[in-house]
Amino acid sequence: MLSRLSKALIVMLPVIGLLLCTSSALAFGIGVAPGKMEFSLRPGDAEVQTLHVINQANQKSEFQVYVEGEDEEWFVITPGKFTLGAQETKSVEILVAPPLTTAPEEHDFSICVVSIPPNSDLSIGAGIKVPTHVQITELPVMAIQWWIASIVILAIVAVGLLVLWRRKARHV
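## Thoughts on the overall build of the chain
If you tally the helices and strands in the chain, you get two helices and nine strands. Ordered by position from N to C terminus, the α and β elements of the chain give α-β-β-β-β-β-β-β-β-β-α. Burial statistics for the chain: of 172 residues in total, 25% are counted as buried. As presented, the chain carries roughly 11800 Å² of accessible surface, and 62% of it is formed by carbon and sulfur atoms.

Okay, here's the thing in structure tokens:
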């Protein structure tokens, strides 16, 4: 009799544990749209896209949105932290702005959306990682020539002003 009881407990305990874990994970429902983000821009440009965060739980939750990846400083997320009531949605702006010195190549990031219910003693929450692909394209030759021409024109104007200033200084 004891061996049957112990065998039943060995089988039932993992099943009960899985059921308990599943129900607690479902209580922290998060939804996002789109499920993947793609950016294609030139160095020095900026692009903004919207990520919609949905609180699918039946209670108010606090959310945090942040980026994981090598060049996280390219991103500005507005708002980065917020609270949503049950079944509410929030639009979050994701701005990507690689510096002008960035080489043309492809980069992969994750935009992380984490939900923690308020008054949670264990600080246990749920999260989603949104795959984010950023393709840095080359600057067109005309843009590079424009930068060079601008620098040359500024240098000529600066030298001209310096010459005028010295001439006036001699006559005074």
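## Details of unusual backbone geometry
Of note, the amide linkage connecting Ala-33 to Pro-34 takes the cis form, showing an omega dihedral of 0°. On the secondary structure map, Pro-34 appears in the loop between strand S1 (30–33) and strand S2 (37–41). A cis geometry characterises the amide bond from Thr-78 onward to Pro-79, with omega recorded as -10°. Backbone geometry places Gln-87, a non-glycine residue, at a positive phi of 65°. Its place among the elements puts Gln-87 in the loop between strand S6 (81–84) and strand S7 (89–96). The partly exposed category is assigned to Gln-87, whose relative accessible area is 49%.

## Some words on the sheet that holds S6
In space, the five strands of this open sheet follow the order S2-S9-S8-S4-S6, with mixed pairing throughout. Pairing within the sheet leaves two strands with one partner each, and these edge strands are S2 and S6. Going from strand to strand, the sheet's axes swing by 25° on average, the running direction of each strand aside. Pairing analysis gives ten bridges linking strand S8 (residues 106–116) to strand S9 (residues 126–136), with the strands arranged antiparallel. Across the sheet, residue Val-114 finds its bridge partner in S9, namely Gly-127.

The rules behind each value
- Residues numbered from 1 in each chain as written.
- Predicted model: local features only at pLDDT ≥ 70, side-chain atom pairs only at ≥ 80, totals over all residues.
- Heavy atoms only, no water.
- Helix = DSSP H or I, 4+ residues; strand = E, 2+ residues; numbered from the N terminus.
- Buried < 20%, exposed > 50% of the residue type's maximum accessible area, 1.4 Å probe, protein only.
- Areas by Shrake-Rupley, 256 points an atom, 1.4 Å probe, with all protein chains shown as cover.
- Pairing = 2+ DSSP bridges.
- Axes fitted to C-alpha atoms, helices over the stretch in contact; angles between N-to-C directions.

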